[in-house]
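Residue-level structure breakdown
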Amino acid sequence: MSQYRQKRVMFFLLLAALVLLLAAFFLWNRPSRLDCILYQEGYTITGCSELSLSVTIPKKLLPDGFPQEAEAFEASDNLDLLLWSDGSSSLYLNTLCYANGRTPDLLWASFHFQYEPSSCGSLLLPYLPDGQGGSTRSLGLSSTEAEVDHSPWPDAVHIAGQGPDEIFSVYLDAAAFQAASESFTFQVDDLWEVSYQPT
């Protein structure tokens, strides 16, 4: 192969590598579809409806002996538990541990939403978006009562905090949680079903 052809081949290879690097850079830094929806970049928010969600923690999915023998149950230990999903929005239990390190009567549970939005549809959010990337956060509980194996247990759950992003946390009565042999269920209010479509 002549030197001229070698230089042309090298030039085209370098040009192709540059194009691939630029494409990778722009794809990597492109906002996620969720961000595009929330900022209404290529999407329009068509409606928002306030909803409640019943959250059930099945005891059979937890490690044996928890929480008596384990102080923390965390997503970093590959125990990120899917509790609810409608296909585009999913709720996971991140962390379940004794509050303040080792308070025997109180557990702290952290949850997060994860999204796989389609080109149009709806998402369940723990805040009300304003369409410009901001939001109003007012997550609550209509009742502090929980269901322990389908039986009511008063004053068993309280909102602990909300955010950042799609995260929220609650305090659970440890005795109520330990009394459950099958499941612990509570209701979260002030969630928002946000409908959207491409513009």
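All of these numbers come straight from a predicted model, not from anything done at the bench. (Residues numbered from 1 in each chain as written. Predicted model: local features only at pLDDT ≥ 70, side-chain atom pairs only at ≥ 80, totals over all residues. Heavy atoms only, no water.)

Here we look at the nonpolar core
Ranked by internal contacts, the top residues of the largest apolar core, which has 44 residues, are Phe 111, Leu 172, Phe 184 and Phe 186. If sequence neighbours within four positions are ignored, Phe 111 has contacts with Val 55, Ile 57, Leu 83, Leu 91, Tyr 92, Leu 93, Asn 94, Glu 166, Ile 167, Phe 168, Val 170 and Phe 186. (Core = buried A, V, L, I, M, F, W, Y, C linked by side-chain atoms within 4.5 Å. Buried < 20%, exposed > 50% of the residue type's maximum accessible area, 1.4 Å probe, protein only. Contact = heavy atoms within 4.5 Å.)

Here's the deal with the layout of surface pockets
Quantified by volume, the largest pocket comes out at close to 190 Å³. For the lining of the largest pocket, the element with the highest residue contribution is helix α2 (residues 33–38), accounting for three residues. Residue classes in the lining of the largest pocket are distributed as five nonpolar, three polar and four charged. (1 Å grid on protein atoms, 1.4 Å probe; cavity = no way out; pocket = protein on both sides within 12 Å on 5 of 7 lines; lining within 4 Å. Points joined across faces, edges and corners; volume = space filled by probe spheres on them. Helix = DSSP H or I, 4+ residues; strand = E, 2+ residues; numbered from the N terminus. Nonpolar A, V, L, I, M, F, W, Y, C, P; charged D, E, K, R; others polar.)

Focus: unusual backbone geometry
Of note, the bond from Gly 163 into Pro 164 is cis; its omega dihedral lies within 30 degrees of zero at 0 degrees. Considering the arrangement of structural elements, one finds Pro 164 in the loop between β11 (157–162) and β12 (167–173). Located in the positive-phi region is His 150, a residue other than glycine, with phi close to 70 degrees. Assignment of secondary structure puts His 150 in the loop between β9 (146–148) and β10 (151–153). Backbone geometry places Asp 190, a non-glycine residue, at a positive phi of 65 degrees. With respect to the secondary-structure elements, Asp 190 resides in strand β13 (residues 183–198).

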